[in-house]
Amino acid sequence: MSIHVVERMAAEIAGSGEPVVLIHGLGGTSNVWTPVLPALIGRARIIRFDLPGSGRSPAGGPMSLQSFVDRIAKAMRALGAERARVGGHSLGTIVAAHLAQQFPDLVRDLVLLGALPEPPEPVRAGLKSRAAKARAEGLAGIADQMAEASLSRDTRERNPLAVAYVRETIMRQNAESYAATCEALSDAHAADFARIGKRALLVTGEDDAIGTPAMSRDIALRLPDSRAEILARTGHWTPIERPDEVGRAMARFWFGR
């Protein structure tokens, strides 16, 4: 495992072979992918970014969905990761979809976990309110709220390590950068899936209220040779709540085993 800074983003790189690029969601870091790495390492060159303003990457100026897409595209070219398999979680699925539409030469296919095409209108307002709360109160209360709202009941009752991860990853963010990322997500709009033309695997939880099963099924219908898999007793943090199932699904889709 090596750590690089590319386009002012921290990137962890492991393995060799064809490139796989993984993009986390709001409140996450590259570590959201750590539990699924055993299924992927040895089969590809895995590149995990911390998005601008998240984890170890500074904000580096105004943040928007388009700025995330442009920075990822430039970083992929700098790392020789053209024609990569691209995975995204939550906000990362919106970034990945726009990346595939705008830079089709960079993207071979997609795995989208907890996918949403864009935030529904009530969610947009909630994200702006959350940004204001982060600036005024910090992230401890938000971390508790998100662990309650975004993990399934089964996870909360049976998997305290998953609860601890979600709370910790949110609390460790920079409050201003987290707020700015909330605002960037609140302003995001859907990619034109009819113009993407990439096959995709969509995985979400049956209890995911953010990237709902209906959203995943709808996106899968808009992309060629694509399908949705819905995991029982699972919420929004699929790679944290069900790492073995998610890792196997990614490996089957990308490597045939």
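It should be emphasised that the depicted structure is a prediction, and the values quoted were computed from it without experimental measurement.

So what's going on with the packing of helix α4 (residues 140-150) against helix α6 (residues 160-171)? Residues and values would help.
Running from N to C, α4 and α6 cross one another at 145°; their axes reach a closest spacing of 8 Å. Pair α4 / α6 crosses with right-handed handedness. Facing α4, whose interface residues are Ala140, Ile142, Ala143, Asp144, Met146 and Ala147, α6 presents Val163, Val166, Arg167, Ile170 and Met171. Taken together, the residues of the contact of α4 with α6 break down into 9 nonpolar, no polar and 2 charged.

Please set out unusual backbone geometry residue by residue, giving values where relevant.
Within the chain, Arg83 stands out as a residue other than glycine whose phi angle is a positive 55°. By secondary structure assignment, the location of Arg83 is in the loop between α1 (65-78) and β5 (84-89). Take Arg83: its relative accessible area is 48%, and that puts it in the partly exposed class. Its identity as a non-glycine residue notwithstanding, Ser90 has a phi of 60°, on the positive side. With respect to the secondary-structure elements, Ser90 resides in the loop between β5 and α2 (91-102).

Give me the lowdown on the pairing of strand β7 (residues 200-205), citing residues and values where you can.
β7 sits mainly inside the fold: 6 of its 6 residues count as buried. Bridge count for strand β6 (residues 107-113) against β7 is 4 bridges, and the pairing is parallel. Paired with Val111 across the two strands is Leu201, which belongs to β7. Relative to strand β8 (residues 227-231), β7 is paired through 5 bridges, and the arrangement is parallel. If you follow Thr204 over to β8, its bridge partner there is Ile230.

Tell me about the environment of Pro117, and please be specific about residues and values.
The topology assignment puts Pro117 in the loop between β6 and α3 (121-137). Separated by 94 residues in sequence, Pro117 and Gly211 place their C-alpha atoms 8.6 Å apart. Beyond its immediate sequence surroundings of up to four residues, Pro117 is in contact with Ile94, His189, Ala190, Phe193, Met215 and Ile219.

Got a sec to walk through the packing of aromatic side chains? Specific residues and values, please.
Throughout the structure, instances matching the rule amount to 2 aromatic pairs. With centroids separated by 6.1 Å and ring planes inclined at 75°, the aromatic side chains of Tyr165 and Trp237 adopt a geometry described as edge-to-face. One end of the pair, Tyr165, is in helix α6; the other, Trp237, is in the loop between β8 and α9 (238-241), and 72 residues separate them in sequence. A cation sits over an aromatic face here: Arg199 above Phe253, 3.9 Å from the ring centre.

Tell me what's going on with the sheet that holds strand β4 (residues 45-49), and back it up with residues and numbers.
Read across the open sheet, the 8 strands follow the order β1-β2-β4-β3-β5-β6-β7-β8; overall the sheet is mixed. Looking at the sheet topology across the chains shown, the edges are occupied by β1 (2-6) and β8. Taking the axes of each pair of neighbouring strands and ignoring which way they run, one obtains an average angle of 20° across the sheet. Across the sheet, helix α10 (residues 243-255) lies against β3 (19-23), β5, β6, β7 and β8, angled at about 160° from β6, the strand it touches most.

About the cut-offs
All residue numbers here refer to positions counted from 1 along the written sequence of the relevant chain. The predicted nature of this model means local features are confined to residues of pLDDT at least 70 and side-chain atom pairs, given and counted, to a pLDDT of 80 or more, with totals for whole chains, interfaces and linings taken over all residues. Heavy atoms throughout the structure, all of them, feed into the side-chain values; hydrogens and water do not. Every axis corresponds to a line fitted to the C-alpha atoms, with the helix fit spanning only the stretch in contact, and the corresponding angles, defined between N-to-C directions, vary from 0 to 180 degrees. Labels follow the DSSP assignment, with helices taken as runs of H or I lasting at least four residues and strands as runs of E lasting at least two, numbered in each case from the N terminus. In a left-handed crossing the near helix is turned counterclockwise from the far helix by less than a right angle, and in a right-handed crossing that turn is clockwise. In this description, contact between two residues means that some pair of their heavy atoms is separated by no more than 4.5 Å. Polar here means any residue other than Ala, Val, Leu, Ile, Met, Phe, Trp, Tyr, Cys and Pro, which are nonpolar, and Asp, Glu, Lys and Arg, which are charged; Gly is therefore polar. In this scheme, a residue with accessible area under 20% of its type's maximum is buried, one over 50% is exposed, and one in between is partly exposed, where area comes from a 1.4 Å probe on protein chains only. A pair of strands counts as paired when DSSP detects no fewer than two bridges linking them. Between the rings of Phe, Tyr and Trp (Trp by its six-membered ring), a pair exists once the centres lie within 6.5 Å; its type follows the angle of the planes, with under 30 degrees stacked, over 60 edge-to-face, and the other angles tilted. Should the NZ of a Lys or the CZ of an Arg lie within 6 Å of a ring centre and within 35 degrees of the ring normal, that charge is described as sitting over the ring.

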